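# Fold and contact review
Take a look at the letters that make up each chain.
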Amino acid sequence: KLSGLRPQGRIAGSLPAMAKPKKPKYEHVQYKPPIPQVFGNGVPDDLPMPASKPQSFNIESSRSRPKLQDRLAVYEDDNPQCQRALCIGGFFIFPLWIVGAALYCRTPEAKTLSREAGFKNLILSAVATFACLCLLLYHVVWREGEGIAGRSGLHR
């Protein structure tokens, strides 16, 4: 039954018992949250205060919100590699530019990188089509006319 006994004084080889320091006594103060003036953004007294009417559901704000499809498009991949490949391939086989232009017309506006690459295909296909039409017109008007004039004997 030694558990209830406490050593009184020094035991051989031990240090003297240290006296406990006294706890300082603090005042117990109720917490006060900081006020806006502490942060430097206090409201001047001369400003009118807003009316405290309960605001109902505002239909205007819900209409300005983007559609679900547009919000989901942000998370979709916008990979213009196909349009770029068609653009490069069009230099070897120009109808590929027309395919890229058709894809450009079907690409959603949210995919800006694909639309940018597709716009290049649209411009190049328009230029290539214009060049082919000019070449065809030249061939029909001047080459055919030269052949007719040569056959009729009017050409020297």
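Here's a quick rundown of the structure. Each chain carries its own residue numbering, running from 1 in the written order of its sequence. The predicted origin of the model limits local features to residues at a pLDDT of at least 70 and limits the giving and counting of side-chain atom pairs to 80 or more, whereas totals for whole chains, interfaces and linings rest on all residues. Water and hydrogen atoms were dropped before computing side-chain values, which therefore reflect all heavy atoms in the structure.

## Quick notes on the overall build of the protein chain
Helix and strand definitions here come from DSSP, where helices need a minimum of 4 consecutive H or I residues and strands a minimum of 2 consecutive E residues; each element is numbered from the N-terminal end. Across its full length, the protein chain holds six helices and zero strands. Ordered by position in the sequence, the α and β elements of the protein chain form the string α-α-α-α-α-α. The buried share of the protein chain, taken over its 156 residues, is 12%. Areas reported here follow the Shrake-Rupley algorithm with a probe of radius 1.4 Å; residue values treat only the protein chains shown as occluding. Surface accessibility of the protein chain: about 15100 Å² in total, with carbon and sulfur atoms responsible for 62%. Under the scheme applied here, a residue whose accessible area is under 20% of the maximum for its type counts as buried, over 50% as exposed, and between as partly exposed, the area being computed with a 1.4 Å probe on protein chains only.

## Things to note about the side chain of Ser125
For Ser125, the position within the fold is in helix H6 (residues 112–152). Taking relative accessible area as the criterion, Ser125 reaches 8% and is therefore assigned buried. If we ignore the near neighbours within four places in the chain, the residues touching Ser125 are Trp97, Ile98 and Ala101. Working rule for contacts: check all heavy atoms of both residues, and any pair within 4.5 Å makes them a contact.

## Overview of helix H5 (residues 95–106)
Take the number of residues in a helix, subtract one, and multiply by 1.5 Å to get its expected span. The end-to-end C-alpha separation of H5 is 17 Å, in line with the 16 Å expected for 12 residues at 1.5 Å each. Among all positions in H5, only Trp97, Gly100, Ala101 and Tyr104 are buried. One side of H5 carries all its buried residues, which in axial view fall inside an arc of 105 degrees. Turned more than 90 degrees from where H5 packs its buried face, Cys105 and Arg106 sit exposed. Note: the arc covers the axis-to-C-beta directions of the helix.

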